[in-house]
Amino acid sequence: YIQSGNVVFRSPDTDTAAAASAIAAAIAAGSDVTTSVVVRTADEMAAVVADSPFLARGEDPAHVHALFLGPDDVPPLPDDPAAFAPDEAVRVGTEVHLFLPNGTGRSKLAAKVGRVGTTRNWRTTLTLLDMARALDEGA
């Protein structure tokens, strides 16, 4: 799903941190690009989808995003969440769930927390989960 900056793959190695490091090294070796890589298993992606606090309360998925964090990423969550209303951010496990009813382009909250990790809209998050499940089924 490369247009979104994502790759879905199968690996016998279950160490996602090692996989992320190896992929980042391969990208750097094959190009002039140095980038962070975040890896999630299909089960971890399923948990992100299942644990969305904003979908649980019935928000429109078009305004929901997931910020996937790397092992060393610390999201700068606001001390005063009301200052960013109506936008909201909630950390759940290794991700930050975002509710951005006015979109990401004008969101001060998205600009603040989006400095770390990688943010995906909900449609992309669901597509990646579907792709990972399909790959697992083909194993």
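Now for a quick tour of the structure.

Calculation rules
- Residues numbered from 1 in each chain as written.
- Predicted model: local features only at pLDDT ≥ 70, side-chain atom pairs only at ≥ 80, totals over all residues.
- Heavy atoms only, no water.
- Helix = DSSP H or I, 4+ residues; strand = E, 2+ residues; numbered from the N terminus.
- Rg over C-alpha atoms; globule rule 2.2 N^0.38 Å.
- Buried < 20%, exposed > 50% of the residue type's maximum accessible area, 1.4 Å probe, protein only.
- Areas by Shrake-Rupley, 256 points an atom, 1.4 Å probe, with all protein chains shown as cover.
- Lys, Arg positive; Asp, Glu negative; His and termini not counted.
- Charge placed at Lys NZ, Arg CZ, Asp CG, Glu CD.
- Core = buried A, V, L, I, M, F, W, Y, C linked by side-chain atoms within 4.5 Å.
- Contact = heavy atoms within 4.5 Å.
- Pairing = 2+ DSSP bridges.
- Axes fitted to C-alpha atoms, helices over the stretch in contact; angles between N-to-C directions.
- Patch = residues over 30% accessible without salt bridge, like charges linked within 9 Å, V, L, I, M, F, W, Y side chains within 5 Å.
- Salt bridge = Lys/Arg side-chain N within 4 Å of Asp/Glu carboxyl O.

1. Observations regarding the overall build of the protein chain
No. 1: Within the protein chain, the secondary structure is distributed over five helices and four strands.
No. 2: Reading the protein chain from its N terminus to its C terminus gives the helix and strand order α-α-α-β-β-β-α-β-α.
No. 3: Over its C-alpha trace the protein chain gives a radius of gyration of 15 Å, about what one expects of a compact globule, namely 14 Å for 139 residues.
No. 4: With respect to the principal axes defined by its C-alpha atoms, the protein chain has extents near 45 × 35 × 25 Å.
No. 5: Counting all 139 residues of the protein chain, 29% fall into the buried class.
No. 6: Surface exposure of the protein chain reaches about 8200 Å², of which carbon and sulfur atoms provide 52%.
No. 7: Separation of charge centres in the protein chain, based on 11 positive and 18 negative side chains, amounts to 7 Å.

2. Things to note about the nonpolar core
No. 1: Core analysis: the largest hydrophobic core is formed by eleven residues, namely M45, V48, V49, F54, V64, A66, F68, F99, W122, L128 and L129.
No. 2: Those elements giving two or more residues to this core turn out to be α2 (42–50), β1 (64–68) and α5 (122–137).
No. 3: Those residues in contact with F99 that sit more than four places away from it in its chain are F54, R57, E59, H63, V64, P86, D87 and E88.

3. A word on unusual backbone geometry
Residues apart from glycine generally show negative phi values, whereas peptide bonds are mostly found in trans.
No. 1: A cis geometry characterises the amide bond from A85 onward to P86, with omega recorded as 10°.
No. 2: Considering the arrangement of structural elements, one finds P86 in the loop between β1 and β2 (88–92).

4. Overview of the sheet that holds β1
Strand pairs in the sheet, formed through backbone hydrogen bonds, run parallel or antiparallel to each other.
No. 1: Pairing is antiparallel in the open sheet, where four strands are placed in the order β2-β3-β1-β4. The sheet terminates laterally at β2 and β4 (118–121), the two strands that pair on one side only. The mean inter-strand angle of the sheet, taken between neighbouring strand axes irrespective of direction, is 25°.
No. 2: Pairing analysis gives five bridges linking β1 to strand β3 (residues 95–99), with the strands arranged antiparallel. Its bridge partner lying in β3, H65 is registered against L98.

5. Digging into a negative patch on the surface
No. 1: Taken together, the side chains of D43, E44, D136 and E137 make up a negatively charged region of the molecular surface.
No. 2: For the negative patch, the elements supplying multiple residues, two or more each, are α2 and α5.
No. 3: Inspection of the secondary structure puts E137 in helix α5.
No. 4: According to the relative accessible area criterion, E137 is exposed, its value standing at 68%.

6. Comments concerning the environment of A47
No. 1: For A47, the location among the structural elements is in helix α2.
No. 2: Put simply, A47 and L129 are 82 residues apart on the chain and 9.9 Å apart in space, counted from C-alpha to C-alpha.

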